[in-house]
Amino acid sequence: MTHRLRWIIPVFMLLISTSFFGQEAQTAGDDLFARAVELYRQEQYWSASELFGKLEKNNVDGLASLSASYRLLCEIALEDQAAEKRVARWEQLYPSAPLKNQVYYHLGNLYASRNLFSEAVAAYGKVKIDRLPLMERAACTFRKGYATMQCGDMKKAAALFLETENYPLGESYKWASRYYRGYIHYSEGRFEQAVPLLEPLTQVPQYASLSTAYLLQALLYLKQYERVIQT
């Protein structure tokens with residue numbers, strides 16, 4: 001009995017020790033990830049990117065794909081020139097990565113900010129809108145509509161602007177979407193459809209000047225001279 005205890009006790013202690021240090025390592029990994037996410041939320045993207053890079057490299061707690069996705073979001077926010085190339089590698093390494101839709105959405109925004117609208121449309125096209133946070137759905141649809149308009153597909157752009165207006169949380173994009181729909185109808189000679197969209201915008205400060213100009217031109221084309229005088 002004593003002989004058996006001599007080897008059972010060390011093995012038991014080893015199991016306890018392994019379990020303890022495993023839990024300790026997991027806790028450390030969780031803490032590091034939580035700190036990285038908090039830095040990301042505070043828009044301290046460079047510091048967050050460094051931590052996410054370590055987590056991805058060491059695959060702490062199996063967080064490689066999630067950490068890689070967050071790291072990409074940081075690099076896109078920093079407008080890192082190499083971010084676009086890293087997206088292609090990230091797609092190959094982590095085809096089922098979390099945050100895919102946020103990555104493509106923000107990549108589309110980065111392209112649009114550089115007036116690379118065809119690239120922006122391609123990035124937005126990979127986004128599943130219903131997988132984005134509620135607050136970003138209207139924004140993504142609007143931005144996709146604007147990039148699509150810049151690429152010359154007016155019909156699709158108008159549909160996206162209308163879709164933006166219908167989002168429950170799309171109020172901040174309501175007037176912008178309506179303005180571009182009105183402009184599209186005006187530019188393509190559908191003056192009767194342009195007028196009811198542009199007329200309310202003459203009372204919205206940021207769109208008043210251009211909307212009034214397009215509205216007056218549309219009314220003249222429609223020979224509604226009395227309304228021209230009243231506008």
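Anything mentioned here points back to the structure above.
Read on for an overview of the structure. (Residues numbered from 1 in each chain as written. Predicted model: local features only at pLDDT ≥ 70, side-chain atom pairs only at ≥ 80, totals over all residues. Heavy atoms only, no water.)

### Description of the overall build of the protein chain
Then, number 1: Along its length, the protein chain carries 12 helices and zero strands.
Then, number 2: Mapped from its N terminus to its C terminus, the protein chain presents α and β elements in the order α-α-α-α-α-α-α-α-α-α-α-α.
Then, number 3: Evaluated residue by residue, the protein chain yields a buried proportion of 41% over its 231 residues.
Then, number 4: Put simply, 47% of the contacts in the protein chain that link residues at least 6 apart link residues at least 24 apart.
Then, number 5: Accessible surface, the protein chain as shown: approximately 13800 Å² in total, 54% of it carbon and sulfur. (Helix = DSSP H or I, 4+ residues; strand = E, 2+ residues; numbered from the N terminus. Buried < 20%, exposed > 50% of the residue type's maximum accessible area, 1.4 Å probe, protein only. Contact = heavy atoms within 4.5 Å. Areas by Shrake-Rupley, 256 points an atom, 1.4 Å probe, with all protein chains shown as cover.)

### Things to note about the pattern of salt bridges
Then, number 1: With the rule as written, the count across this model stands at 10 salt bridges.
Then, number 2: Salt-bridge contacts for R86 lead to E75; the nearest nitrogen and oxygen are separated by 3.2 Å. Placement of R86 in helix α4 (residues 83-93) and of E75 in helix α3 (residues 64-77) is noted, with a sequence separation of 11 residues between them.
Then, number 3: Look at R86 and you get partly exposed, because its relative accessible area is 34%. (Salt bridge = Lys/Arg side-chain N within 4 Å of Asp/Glu carboxyl O.)

### Section: the environment of Y111
Then, number 1: Note on placement: Y111 falls in helix α5 (residues 100-113).
Then, number 2: You can call Y111 buried: its relative accessible area is 13%.
Then, number 3: Residues Y111 and I76, 35 residues apart in the sequence, show an inter-C-alpha distance of 9.9 Å.
Then, number 4: Those residues in contact with Y111 that lie beyond four places of it in its chain are E84, L116, E119, A120 and A123.

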